[in-house]
Amino acid sequence: MQHQRLLVITHQLPWLIDSNNNFILKRGHSTQFSGTNSLNLKTIHFGHNNDFSNDQKLNLFKKLNGVVVEYPDNISKGHYEGYCKSELWPLFHYVLWDNATDGILENKNYHHYCKVNQAFADAVLLHYQPGDLIWIQDYHFMLLPALLRAALPNAAIGFFLHTPFPSSEIFRCLPRRSEILKGLLGANVIGFQTYSHARHFISSCTRVIGCESSPTGVEYQGFNITIGIFPIGIDINRVETYRQSQAVQNKIKHISTLYKDKIIIIGRDSMDHIKGISQKLDAFEKFLELYPEWHNKVVLIQVSTSSNKANPNIAAKISDSIARINGNFGSLEFVPVHHYHHHLDPEEYFALMSIADVALITPLRDGMNTTSHDYVVCQKGNHGILILSEFTGTAGAMAGAILVNPWDTLGVANAIQDALTKSIEDRQIKHDQLYSYVTSHTSQFWAQSFIKELISKSSVQLQDNPTPVLDFANVHQQYTQSQRRLLLFDYDGTLTPIVKLPKDAVPPPAMLEALKVLVADPKNVVFIISGRDQDALEEWLGHIKGLGLSAEHGSFIKYPGGKWLNLAAELDMAWKVEVAEIFNYYTERTQGSFVEHKRCSITWHYRLADPSYGLFQAKECQHHLEDAILSKLPVEVMVGKKNLEVRPISMNKGEIVKRLVTARTGCDFVICAGDDRTDEDMFRVLRKSQIREDGIFTVTIGSATKMTRADSHVTEPADLIRLLQLLAGTQPCVL
């Protein structure tokens, strides 16, 4: 598919109106804007702004392809200041809420968050054209991917998170955790700054909503969502242009005169708790205590900008720290800490970045702190040293920086001493390493990498699905034209969703109603072929007259109107003792796991265990079984969904299907559905049967990309139930 347009969704549009009624780029938006502008795509920007007049909105769309998404101020406040800044932002930066409430305000703010996401969804749908790429930016729109996916099933949707994503232990504290994760999983590609952020997200999906996952993706509702690492950069050309400008050069001369013969350490942060300004000042104070030889020689210039939710306590604490340091180590002629609490003009900012000998960046938790990138570029000739917190998203890639733990006051103080005493050769080597990375991983590289991945993954999902979606209309047509039909269904994961406890897999009423109608049709023979034992099948389905049942993967069969037959009666089951011992060994060592004993098989379940540890133990248990049991006994290990099952090798669902197909002479229609590896035996047998090919429908439940012998797929059990209702005529279904 040819992609010609990119729809970019940001909370705020990147433009302001100046005094001459012209649109100018906002401060802080240059990195993202330069990235999207580097793509060879027509870009439409969506964002909120209630300050533009109607004429300005029209001009914005005509001149710059900007779309203003409107909603009332009270909803805007509840969305941004309420849910985004009071709930999501602190949590994503590992700051838990310190006050208990009745939840009324939080629910109201979440309602506004939903409203804003829906408003943006409506705006995108008005402008969307087939083939457009949709790129959603940051935590303001974590419900938007799912809203768009519901309306645009085949759209290419990407999401990028600019903040950190916390560990699953922290994220699970969010009351709306499931809604947020499910909202994000509507995207084809979800991008993060670092591997650790991506790993935390995948872990949350696994632990909170039970998704299957890999290090690079998550499977949800039959689709594989790609999880990628896309570290953001800066617009090198913009920084170089500023750095070399005459205005910046003049500022450099002025600052050099002001701080003549002084070594400058620069810090630039927003006035926020997580930026670590207090920790930085404590470390600088410790440095002055430990290394008095630097008194009257080194100054710390700290530039603090106001955050969106400025805390007066933080500002007061910082002022007290600065007063204490200057009082203890300063004099009439010398002030060690210079604090500027305001926004700098670009010329002042780049001049400071160019003249500083050391940059001290110590946030307690941060996304991709691009101040470090600016400093590296501005130090092209001076080779200044970068001291960087290990808790920034940048840290993993900045090999030439001195990485510090901002909580380790002594460690940061020693890092300052190390930076000031490095040789010229060491400074140049470290700067060369940093400069090579920063200039190759630019904002343009970030945008191009993400969009390339989005196009690639959406193309795979749209064009190269190995298993096509089941054509309901074709099935219905073949069904109505046939005279001798065979309908074969697995139970768990096929007619009912997978649940944590086996006893909770009760049949849905809609499924039971459709089954009763299908069984009553004299043209049909309907069988449920399950891994469940006889008692469970009898309890849930035994009341349906005329329904055939098979239990324990083909070990038992009950023909319509008949009694249970034990097909494994002559098999030696002595192997169960050894297998039970092994399963019990792992049950004792895997909290949340349990063993299910059946007459002809044994199953070890670990769905309630820790997802990562449960999977690890399952692999260990499987290897143990293969080494100790399979080599000497006629059994096999079946790897299911969060379980391992050991059964006789001669007993499987395929053997039951072979019996039924042989008995049903003249059969002209077969539909067979299942969801896991045990059901592949049924598909294999049907492929080799003598029934005409256009009369056989083998259906797997799950992702289109899963390895299967089935000819088609549906996403979830609810889809298959809708097909049963269509065939039974119990509910209208749009084909």
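Above this note sits the structure.
Because the structure is predicted, anything quoted here is derived from the model rather than measured.

Reading guide: rules and limits
- Residues numbered from 1 in each chain as written.
- Predicted model: local features only at pLDDT ≥ 70, side-chain atom pairs only at ≥ 80, totals over all residues.
- Heavy atoms only, no water.
- Helix = DSSP H or I, 4+ residues; strand = E, 2+ residues; numbered from the N terminus.
- Buried < 20%, exposed > 50% of the residue type's maximum accessible area, 1.4 Å probe, protein only.
- Contact = heavy atoms within 4.5 Å.
- Areas by Shrake-Rupley, 256 points an atom, 1.4 Å probe, with all protein chains shown as cover.
- Pairing = 2+ DSSP bridges.
- Axes fitted to C-alpha atoms, helices over the stretch in contact; angles between N-to-C directions.
- Parallel < 35°, antiparallel > 145°, perpendicular 65-115°, else oblique.
- Left-handed = near helix turned anticlockwise from the far one by under 90°.
- Nonpolar A, V, L, I, M, F, W, Y, C, P; charged D, E, K, R; others polar.
- Core = buried A, V, L, I, M, F, W, Y, C linked by side-chain atoms within 4.5 Å.
- Expected span 1.5 Å × (residues − 1).

(A) How the structure looks around the overall build of the protein chain. Counting its secondary structure elements, the protein chain contains 25 helices and 29 strands. Looking at the 735 residues of the protein chain, the share that counts as buried comes to 55%. Within the protein chain, counting contacts between residues at least 6 apart in sequence, those at least 24 apart form 71% of the total. Counting every atom, the protein chain has about 31900 Å² of accessible surface; 51% of that belongs to carbon and sulfur.

(B) Geometry of the sheet that holds strand β4 (residues 42-48). The nine strands are arranged β5-β4-β1-β6-β7-β8-β11-β10-β9 in an open sheet whose pairing can be described as mixed. The open sheet has two edge strands, β5 (66-69) and β9 (212-214), and neither has a second partner. Taking the axes of each pair of neighbouring strands and ignoring which way they run, one obtains an average angle of 20° across the sheet. Pairing analysis gives five bridges linking strand β6 (residues 133-137) to strand β7 (residues 156-160), with the strands arranged parallel. Within the sheet, the bridge partner assigned to Leu 133 lies in β7 and is Ala 156. Set on the sheet, helix α1 (residues 30-37) makes contact with β1 (5-12), β4 and β6; between it and β4 the angle comes to about 150°.

(C) Looking closely at the environment of Leu 434. Mapped onto the fold, Leu 434 is located in helix α16 (residues 424-440). Considering only alpha carbons, one finds Leu 434 and Gly 562, 128 residues apart in sequence, at a separation of 77 Å. Those residues within four positions of Leu 434 in sequence are excluded, and the remaining contacts are Val 376, Leu 386, Met 398, Ala 399, Gly 400 and Ala 401.

(D) Spatial organisation of the environment of Gly 47. Mapped onto the elements, Gly 47 comes out in strand β4. Sequence separation between Gly 47 and Pro 468 is 421 residues; the distance between their C-alpha atoms is 37 Å. Beyond its immediate stretch of four places on either side in the chain, Gly 47 contacts Thr 10, His 11, Gln 12, Leu 13, Val 67, Val 68, Val 69 and Phe 120.

(E) Local environment of the packing of helix α10 (residues 246-258) against helix α13 (residues 346-355). The interhelical angle for the contact between α10 and α13, taken along N-to-C directions, is 60°, at an axis separation of 8 Å. Between α10 and α13, the angle falls in the class oblique. In the crossing of α10 with α13, the sense of the turn from one axis to the other is right-handed. Contacts from Ala 247, Val 248, Lys 251, Ile 252, Ile 255 and Ser 256 of α10 reach α13 at Glu 347, Glu 348, Phe 350, Ala 351, Leu 352, Ser 354 and Ile 355. Of the residues assigned to the contact of α10 with α13, the class counts are eight nonpolar, two polar and three charged.

(F) Expanded view of the nonpolar core. Ranked by size, the top nonpolar core spans 59 residues in total, and within it Phe 46, Ile 134, Met 142, Ile 190 and Phe 201 carry the most contacts. Beyond its immediate chain neighbours, meaning those up to four positions away, Ile 134 contacts Leu 7, Ile 9, Val 124, Tyr 128, Leu 148, Leu 152, Ala 155, Ala 156, Ile 157, Gly 158 and Leu 454.

(G) Up close: the sheet that holds strand β27 (residues 669-674). Spatially, the eight strands line up as an open sheet ordered β22-β21-β20-β19-β18-β27-β28-β29, and their pairing is mixed. Of all strands in the sheet, those bounded by a partner on one side alone are β22 (564-566) and β29 (712-714). The sheet shows a mean angle of 20° between the axes of neighbouring strands, taken without regard to direction. As defined by bridge partners, strand β19 (residues 524-529) adjoins strand β20 (residues 548-551) across three bridges and the pair is classed as parallel. Of the residues in β20, the one forming a bridge with Phe 527 is Gly 548. Running over the sheet, helix α18 (residues 472-481) touches β18 (485-489), β19, β27, β28 (696-701) and β29 and is turned about 140° from β27. Packed onto the sheet, helix α24 (residues 680-687) meets β19, β27 and β28 and runs at close to 155° relative to β27.

(H) Expanded view of unusual backbone geometry. A positive phi is found at Asn 65, a non-glycine position, where the angle reads about 55°. Relative to the assigned elements, Asn 65 resides in the loop between α2 (54-64) and β5. In the Ramachandran plot, Asp 261 falls in the positive-phi region, its phi being about 65° despite a non-glycine side chain. The class for Asp 261 is exposed, based on a relative accessible area of 71%.

(I) Representation of helix α25 (residues 717-728). Here α25 is 12 residues long and its end C-alpha atoms lie 16 Å apart, about the 16 Å a rise of 1.5 Å per residue gives. Among the 12 residues in α25, 10 count as buried, and that is most of the element. Listed in full, the buried residues belonging to α25 are Pro 717, Asp 719, Leu 720, Ile 721, Leu 723, Leu 724, Gln 725, Leu 726, Leu 727 and Ala 728. Against the buried residues of α25 lie α18, β18, α19 (509-520), β27, β28 and β29. Directly after α25, the chain includes Gly 729, whose backbone phi takes a positive value near 75°.

(J) Layout of the packing of helix α3 (residues 73-92) against helix α4 (residues 104-127). For the pair α3 and α4, the least separation of the axes is 8 Å and the interaxial angle reads 115°. As summarised for this structure, α3 and α4 are arranged roughly perpendicular, according to the angle between their axes. Once α3 is placed against α4, the crossing between them reads as left-handed. Facing α3, whose interface residues are Asn 74, Ile 75, Gly 78, His 79, Gly 82, Tyr 83, Cys 84, Glu 87 and Leu 88, α4 presents Glu 106, Asn 109, Tyr 110, His 112, Tyr 113, Lys 115 and Val 116. Its residues placed into classes, the contact of α3 with α4 shows seven nonpolar, six polar and three charged.

(K) Local environment of α13. Here α13 lies mainly inside the structure; seven of its 10 residues are buried. Listed in full, the buried residues belonging to α13 are Tyr 349, Phe 350, Ala 351, Leu 352, Met 353, Ser 354 and Ile 355. The inward-facing, buried residues of α13 contact α9 (236-244), α10, β12 (263-270), β13 (298-305) and α14 (371-378).

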